[in-house]
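# Chain and residue survey
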Amino acid sequence: MTDTLAPEISPCTGLCRLDPGTGWCRGCGRTGGEIAAWREAPAALRADVWGQIPGRLAALGVAARRLPWDAAAIRRFAARSLAEGAGTWVLGV
């Protein structure tokens, strides 16, 4: 998938609980330090953390996660999924 990476978007899911073994949040996959520094962190660092999140959440056994898509990328995914009659949608509030 070639959708736009929007690293400025926070991976926070609102389910904040640090895993005692890894130090990673079970909701978003970031460390406490990464969470605290997110707003001021350089875009390159945020993008690097986003790249590590899938592996971290998989290691924690978390199957669902937030994707770093901006609104335009979400619209493209929705349009493509509807046109192809395929895709997996998981929405949460």
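In this report, the structure presented in the accompanying data block is examined.

Quick notes on the rules
- Along each chain, residues carry numbers from 1 onward, in the same order as the chain's sequence is written.
- Predicted model: local features are reported for residues with pLDDT of at least 70 only, side-chain atom pairs are reported and counted for 80 or more only, and whole-chain, interface and lining totals are derived from all residues.
- Values shown for side chains rest on all heavy atoms present in the structure; no hydrogens or waters enter the calculation.
- Helix and strand assignments come from DSSP, with helices taken as H or I runs of at least 4 residues and strands as E runs of at least 2, each series counted from the N terminus.
- The rule is simple: take the accessible area with a 1.4 Å probe, protein chains only, and divide by the maximum for that residue type; under 20% is buried, over 50% is exposed, in between is partly exposed.
- We call two residues in contact when some of their heavy atoms are within 4.5 Å.
- Using the Shrake-Rupley algorithm and a 1.4 Å probe, accessible areas are obtained, with residue cover drawn only from the displayed protein chains.
- Here, nonpolar core means buried Ala, Val, Leu, Ile, Met, Phe, Trp, Tyr and Cys residues that are tied together by side-chain atoms lying within 4.5 Å of each other.
- Here the expected length of a helix is defined as 1.5 Å per residue gap, with one fewer gap than residues.
- What the arc covers is the set of directions going from the helix axis to the C-beta atoms.
- The bend reported for a residue corresponds to the angle between axes fitted to the seven residues ending at that residue and the seven starting there.
- Here is the rule: rings of Phe, Tyr and Trp (six-membered ring for Trp) pair when centre to centre is within 6.5 Å. Planes less than 30 degrees apart are stacked, more than 60 are edge-to-face, and the remainder are tilted.
- Note on geometry: a ring has a charge over it if NZ (lysine) or CZ (arginine) is within 6 Å of the ring centre and within 35 degrees of the ring normal.

## Structural notes on the overall build of the protein chain
Per the secondary structure count, the protein chain includes 3 helices and 0 strands. Starting at the N terminus, the α and β elements of the protein chain follow one another as α-α-α. Sorting the 93 residues of the protein chain into buried and exposed places 29% on the buried side. A fraction of 53% describes how many contacts in the protein chain between residues 6 or more apart in sequence connect residues 24 or more apart. Carbon and sulfur atoms provide 60% of the accessible area of the protein chain, an area that totals close to 6000 Å².

## Section: the nonpolar core
In terms of nonpolar packing, the biggest core is built from 6 residues, these being Trp38, Val49, Trp50, Ile53, Leu57 and Leu60. Dropping the residues within four chain positions of it, Leu57 is found in contact with Cys25, Arg26, Gly27, Cys28, Gly29, Val62, Ala64 and Arg65.

## Observations regarding helix H3 (residues 71-84)
Compared with the 20 Å implied by 1.5 Å per residue over 14 residues, the 20 Å span of H3 between its first and last C-alpha is a close match. Residues of H3 that are buried include every one of Ala73, Phe77, Ala78 and Ser81, and no others. An end-on view of H3 places all buried positions within 135° of arc, on one side of the element. Counted as exposed and oriented over 90 degrees from the buried face of H3: Arg75, Leu82 and Ala83. Where H3 terminates, the next one or two residues include Gly85, which has phi positive at roughly 65°.

## Things to note about the side chain of Ser81
As for its placement among the helices and strands, Ser81 is situated in helix H3. Discounting residues that sit within four places of it in the chain, Ser81 has contacts with Ala86, Gly87 and Trp89.

## A short note on helix H2 (residues 43-60)
The terminal C-alpha atoms of H2, which comprises 18 residues, lie 25 Å apart, in line with the 26 Å expected from a rise of 1.5 Å per residue. Most pronounced at Ile53, the bend in H2 amounts to some 35°, and the proline Pro54 follows within four residues. Considering only its buried residues, H2 is in contact with helix H1 (32-37). Phi for Gly61, located one or two positions after H2, is positive at around 80°.

## Thoughts on the packing of aromatic side chains
For the structure on display, the rule yields 0 aromatic pairs. The lysine or arginine in question, Arg30, covers the ring of Trp38, its NZ or CZ lying 4.9 Å from the ring centre.

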